[in-house]
Amino acid sequence: MAQWIYTNSDDQCLWSIENIPSNDPLSNNRPKVIIRSVIQKGPADNAVLFDGDELVAIHDLKIPEYSEKLTPEENRRQIFRTLQKMMAFINSTPDGTTVQYTVIRDGQKVYRPIELKKVFDSTNALLLLTGLVSWAIGLLVVLSSPQRKVARHFYYLGVLTLILAAGASTRGPYTVPIGIELTTRCCLLLFNGLFPPMWFHFFLRFPYGFEIRKHRPILVGAYAINILALMPVMIVDVGAFGLSNLYWLMRLLLDSLPININALETASRFFQIALLGAGVVLFWRGFLKISDHRRRALMAPLLFTIAVFLDLLAYIWLAKTYSGTLDRGFFMRYSHYFFLPLPFLPLTFAYSILRHGFFDVRRVIVRWLSYFVALGILSVVYLCTLAWLFVFFIPTKISMAKLGVIVGLLTLPLGWILRWLLAALRRKFKRDVTSSRDLILGNLLETKKRFSDDALFESLVVSIQEAFRPQVLLILPVNKGRVVLPPINKNKSDRAIQYEYESTQEMRLPPSMLRYAKENRELVFGLGNDESDWIMSQNKSLRTYMDTLGAQIMILLMAGELPHSVLLLGGKYAELNYSREDRELLREVAITLGALFEAASMHKSLIDKTRLDQELQAAHNIQEALITSNPPEIPGFQIALRLVPASETGGDLLWVKQRAPGQWIAIVGDISGKGLPAAIYMSQSMALLKFATREADTPLEKILAGMDLTLRNLMSPKDFLTLCIIEWREDGRFKVVRAGHPPPIHLSKTSPEAPIQLMPPGLALGMLPSCLPSWHVYEGALQPGDWIAMYSDGITEAMNHNGNLYGIDRLTEQLKRFWGTGSTRAACEAIFQQVSAFEVQNKDDRTLFILARGKI
């Protein structure tokens with residue numbers, strides 16, 4: 001209304017106070033008001049006013065005559081005040097009013113009636129156009145990325161620019177209703193108070209995030225200082241509205257402070273210009289820090305911003321220069337030329353945004369255009385239906401009441417159709433949170449997929465694509481808190497993709513982030529400049545890479561307490577950005593995936609354990625087939641033997657073989673270590689033993705020497721084999737050779753109270769470094785009723801809860817106790833039972849072999 005209805009009236013000419021030479025000595029060089037710059041076909045030109053006419057009076061307002069009592073400067077100021085009253089009178093006169101001008105032309109008074117006209121305000125129209133364009137672009141940007149602070153700041157700048165158009169419409173409380181004038185002045189104060197610091201704040205974040213933006217006191221100080229500096233303007237406005245009591249109260253408050261109001265007003269203007277200039281400098285500095293691709297995209301906005309800033313600086317300087325002079329009217333008449341570039345400034349930003357993809361506004365446009373097209377089509381259908389009804393029913397002379405009812409009823413189906421169509425379009429552009437949750441979690445919890453990481457990821461990708469349709473979707477593994485980002489492929493059809501990132505980038509997840517995610521289950525993190533300072537702290541190129549990639553959020557997928565992988569998502573369809581509800585849904589998905597990862601890991605572990613158990617059982621069966629489990633029947637001799645591994649497989653070996661008629665050999669051995677490696681070495685050793693003893697006349701020490709040489713090449717440096725071999729004949733003669741193994745026990749009638757330990761010297765086999773073989777053979781004879789027992793250290797080194805060993809003494813006592821009964825089998829079983837009851841720790845493979853010669 002202030003722009004189009006309450007705009008000022010004007011005569012479209014200028015008044016100038018000049019000292020005109022005259023032939024009259026008394027009036028020579030006295031100041032006079034001369035009409036200048038008469039616009040063609042304007043009110044003054046139509047009234048036949050000429051350039052050079054001397055203005056004497058307008059209506060009842062007369063130019064004061066020159067007074068000799070006053071100085072020339074005082075006379076000039078008196079004329080100036082009168083002209084100000086004339087200007088206020090003309091501005092407040094309604095459009096089309098005729099006002100009489102009195103002028104002197106060629107020494108004669110001439111009266112000319114002038115019909116005043118309201119003049120189109122080009123400056124305000126340009127500001128209004130700039131405000132509308134800025135607001136529209138800012139609205140598209142904030143709808144595309146509502147979670148990003150830089151998008152919201154861009155929108156706030158557009159709103160403030162639109163507010164400036166209203167604030168620039170101030171006309172004065174005497175020409176405009178006080179309510180409208182008060183509103184426009186408040187808009188102007190709001191713009192002056194917020195726009196300069198907001199401009200500075202915006203370029204702290206765009207196009208490059210400076211560290212100073214994190215210092216809240218600096219930003220709050222900029223806003224506070226700028227608003228407080230507007231106090232003189234507020235006082236002038238309060239006085240202009242005739243609120244004298246409040247005006248004098250505020251003046252009294254300021255006068256009590258050591259502040260010069262004029263100096264404060266000047267400082268306020270300089271501070272605002274400094275903030276605007278600092279914003280331009282930040283734009284330029286940030287422009288130099290970004291990648292080449294974004295630099296090329298922002299070249300036009302930067303140059304135009306600098307040009308507009310310099311243009312407005314020139315306008316401010318000229319306005320200050322002509323302030324308080326009648327030439328100010330001439331300046332203001334052509335001031336709109338300074339504002340001609342303004343509408344192009346937001347348009348250059350719009351071009352960069354649309355062309356180079358700084359914000360995903362294209363989808364917003366598509367979405368809202370779809371809504372309005374649907375609404376327009378239905379409106380056309382409705383109007384065409386109404387036209388047809390009127391043509392059909394008017395000849396029937398139906399009452400207007402009934403026709404109104406029919407028209408009203410027609411709106412119901414059209415309303416339902418419009419509702420259905422808009423809902424369908426909304427589903428096309430946006431899936432509601434409930435359906436997205438059902439879709440994603442339903443796919444993840446499908447039984448066939450929940451026990452495989454690959455199937456879970458495949459289901460997740462399909463679900464996320466259908467629910468959000470992100471521009472970027474990457475699932476990357478986390479290795480020791482680091483994520484390797486893939487190179488960005490070249491794509492000439494997509495100008496938003498940079499060409500320089502052809503290698504991988506490494507991103508480190510801060511320990512504080514992992515700890516926070518583990519403790520609070522906060523698994524969704526924004527990747528914009530405002531939400532991810534940790535990216536900038538790692539590497540500036542990583543920040544540029546993320547901007548180029550277009551990833552907006554990162555979802556951290558945990559498996560138990562450890563990070564498993566990360567999910568990077570780019571901007572989503574025409575819905576534009578991820579709302580708070582979307583992030584909560586993604587957090588729920590991440591928590592669910594974490595539980596599924598744990599279940600999949602446990603399932604995999606269970607399968608692996610089952611497979612391992614089966615393999616170990618197979619190895620156990622193979623090992624049992626290699627050793628001698630059942631004692632052979634040997635005339636004149638009784639044998640008892642048993643081997644119990646500590647686990648499914650073991651490193652002890654036990655083997656009995658007939659080398660030749662009437663000649664037998666028994667071997668007890670122990671591989672260092674336990675478990676599967678020891679079982680493998682045991683199998684190799686058994687194969688070597690079978691090969692080495694194939695010939696009956698091969699000496700025992702030669703068997704050990706050959707095995708020692710072979711095992712040194714087969715075994716690792718820390719492994720070795722201990723052996724004890726006994727070879728006996730049917731007449732009772734025997735030989736014993738020992739390679740680092742516990743000595744066998746000989747129970748003989750010759751020394752019934754003190755069993756003999758047969759201890760021929762000999763080193764273990766396969767030990768490094770190698771040395772000269774030194775295995776000795778002990779020869780003896782088994783008398784009828786004598787026993788020889790060979791065993792492994794798993795029996796003698798069994799340990800109870802007090803840390804005591806079973807020991808050789810307990811073994812000997814058990815053997816002596818059953819020796820009298822003559823049952824080797826009973827002795828073997830009793831010893832194993834006693835050792836099992838005794839042992840609580842230090843479990844090892846146990847082997848026992850007892851050879852007894854029968855009594856004659």
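### Some words on empty space enclosed by the protein
The tally for this structure, following the rule as stated, stands at 3 cavities of 30 Å³ or more. Taken as a whole, the largest cavity encloses approximately 70 Å³ of empty space. Tyr208, Ile290, Arg294, Arg543 and Asp547 are, among the 12 residues lining the largest cavity, the residues nearest its centre. Among the elements that make up the lining of the largest cavity, the one with the highest residue count is helix H19 (residues 540–549) (4 residues). Put simply, the second largest cavity is a space of about 50 Å³. Lining the second largest cavity are His620, Gln623, Glu624, Ile627, Leu643 and Pro645.

### Let's talk about the pattern of salt bridges
Across all of its chains, the model carries 11 salt bridges by this definition. Of the charged contacts in the structure, one is a salt bridge between Glu829 and Arg642, with a shortest N-O distance of 3.2 Å. Of this pair, Glu829 sits in helix H25 (residues 824–838) while Arg642 sits in strand S15 (residues 637–644), and the two are 187 residues apart along the sequence. Residue Glu829 is classed as partly exposed on the basis of its relative accessible area, which comes to 34%. With a closest N to O distance of 2.3 Å, Asp708 and Arg712 form a salt bridge. Taken as a pair, Asp708 and Arg712 lie in helix H22 (residues 700–714) at a separation of 4 residues, close to a single helical turn. The class for Arg712 is buried, based on a relative accessible area of 18%. Each member of the salt-bridge network shares a partner with another, and the members are Glu18, Arg36 and Asp51.

### Re the sheet that holds strand S12 (residues 524–526)
Here 4 strands make up an open sheet; going across it, the order is S9-S14-S13-S12 and the pairing antiparallel. On the outer flanks of this sheet lie strand S9 (473–477) and S12, each paired with one strand and no other. For this sheet the average axis-to-axis angle between neighbouring strands, irrespective of direction, equals 20°. The pairing of S9 with strand S14 (residues 562–570) spans 5 bridges and is antiparallel. Of the residues in S14, the one forming a bridge with Leu473 is Leu569. Those strands touched by helix H16 (residues 453–468) are S9, strand S13 (551–559) and S14, and its axis lies near 155° from that of S9. Each of S12, S13 and S14 is contacted by helix H17 (residues 511–520), which is oriented at about 65° to S13, the strand it contacts most.

### Regarding the environment of Ala619
By the element assignment, Ala619 lies in helix H20 (residues 580–626). Accessibility expressed as a relative area gives 23% for Ala619, which makes it partly exposed. Separated by 57 residues in the primary sequence, Ala619 and Leu676 place their C-alpha atoms 8.5 Å from one another. Residues in contact with Ala619, not counting those within four places in the same chain, are Thr649 and Leu676.

### Section: the nonpolar core
Judged by nonpolar contacts, the single largest core of 51 residues is most densely connected at Leu509 and Met554. Setting aside its immediate chain neighbours within four residues, Leu509 contacts Val478, Gly481, Val483, Leu514, Trp534, Met554, Leu556 and Val566.

### Remarks on the packing of aromatic side chains
By the definition in use, this model includes 19 aromatic pairs. Between the aromatic rings of Trp199 and Phe203, the centroid separation amounts to 4.9 Å while the plane-to-plane angle is 70°, which identifies the pairing as edge-to-face. With a gap of 4 residues between them, Trp199 and Phe203 both fall in helix H5 (residues 178–205), about one helical turn apart. Plain terms: the ring middles of Trp728 and Phe849 are 6.5 Å apart, the flat faces sit at 40° to each other, and that makes the pair tilted. Separated by 121 residues along the polypeptide, Trp728 in strand S18 (residues 721–729) and Phe849 in strand S24 (residues 846–853) bring together distant segments of the chain. In this structure, Trp728 and Phe849 share a single accessibility class: buried. Each residue in the set Phe154, Phe191, Phe195, Trp199, Phe202, Phe203, Phe206, Phe283 and Phe349 is aromatic and connected to the rest through ring pairs, giving one cluster. Above the plane of the ring of Phe691 lies Arg694, whose end atom (NZ or CZ) is 3.8 Å from the centre.

### Concerning the packing of helix H21 (residues 675–692) against H22
In the contact formed by H21 and H22, the axes pass within 10 Å of each other and the chain directions differ by 145°. Where H21 crosses over H22, the two elements pack in a sense that is right-handed. Across from Tyr681, Gln684, Ser685, Leu688, Leu689 and Ala692 in H21, the residues of H22 making contact are Ile703, Met707, Thr710, Leu711 and Leu714. Its residues placed into classes, the contact of H21 with H22 shows 8 nonpolar, 3 polar and no charged.

### Overview of the pairing of strand S6 (residues 98–105)
Summarising the sheet, strand S4 (residues 54–58) and S6 pair through 4 bridges and their orientation is antiparallel. From the neighbouring strand, Leu55 faces S6, where its bridge partner is Val103. Once S6 ends, the chain turns through 2 residues before running back antiparallel as strand S7 (residues 108–115), passing Asp106 with a positive phi of about 60°.

### Some words on the environment of Ala136
By the secondary structure assignment, Ala136 is in helix H3 (residues 122–144). Placed 22 residues apart in sequence, Ala136 and Gly158 show a C-alpha to C-alpha distance of 7.5 Å.

### Describing the sheet that holds strand S20 (residues 745–747)
Read from one edge of the open sheet, 5 strands run S15-S24-S23-S20-S21, paired in antiparallel fashion. The open sheet terminates on both sides in strands that have one partner only, identified here as S15 and strand S21 (756–757). Alignment of S15 against S24, held across 8 bridges, turns out to be antiparallel. Following the sheet pairing, Leu641 is matched in S24 by Phe849. The strands that H25 touches are S15, strand S23 (787–791) and S24; relative to S24, the one it contacts most, it runs at about 155°.

### Observations concerning the packing of H3 against helix H12 (residues 344–356)
Contact geometry for H3 and H12: axes closest at 9 Å, N-to-C directions at 25°. One finds that H3 runs roughly parallel with respect to H12. Considering only the axes of H3 and H12, their crossing is left-handed. Contacts between H3 and H12 pair Thr130, Val133, Ser134, Ile137 and Val141 from the former with Pro346, Leu347, Ala350 and Ile353 from the latter. Residue composition of the contact of H3 with H12, by class: 7 nonpolar, 2 polar and no charged.

### Focus: the confidence of the model for the protein
Close reading of the predicted structure is inappropriate where its pLDDT is low. Residues at a pLDDT of 70 or more form 85% of the protein, whose mean pLDDT is 81. With pLDDT under 50 throughout, residues 238–248 is counted as low confidence; its partners more than four residues away or in other chains account for 13 contacts. Confidence over residues 490–501 falls short of pLDDT 50; this stretch has 24 contacts with residues more than four positions distant or in other chains.

What counts as what
Residues numbered from 1 in each chain as written. Predicted model: local features only at pLDDT ≥ 70, side-chain atom pairs only at ≥ 80, totals over all residues. Heavy atoms only, no water. 1 Å grid on protein atoms, 1.4 Å probe; cavity = no way out; pocket = protein on both sides within 12 Å on 5 of 7 lines; lining within 4 Å. Points joined across faces, edges and corners; volume = space filled by probe spheres on them. Helix = DSSP H or I, 4+ residues; strand = E, 2+ residues; numbered from the N terminus. Salt bridge = Lys/Arg side-chain N within 4 Å of Asp/Glu carboxyl O. Buried < 20%, exposed > 50% of the residue type's maximum accessible area, 1.4 Å probe, protein only. Pairing = 2+ DSSP bridges. Axes fitted to C-alpha atoms, helices over the stretch in contact; angles between N-to-C directions. Contact = heavy atoms within 4.5 Å. Core = buried A, V, L, I, M, F, W, Y, C linked by side-chain atoms within 4.5 Å. Phe/Tyr/Trp six-rings, centres within 6.5 Å; stacked < 30°, edge-to-face > 60°. Lys NZ or Arg CZ within 6 Å of the ring centre and 35° of its normal. Left-handed = near helix turned anticlockwise from the far one by under 90°. Nonpolar A, V, L, I, M, F, W, Y, C, P; charged D, E, K, R; others polar. Parallel < 35°, antiparallel > 145°, perpendicular 65-115°, else oblique. pLDDT = per-residue confidence, 0-100.

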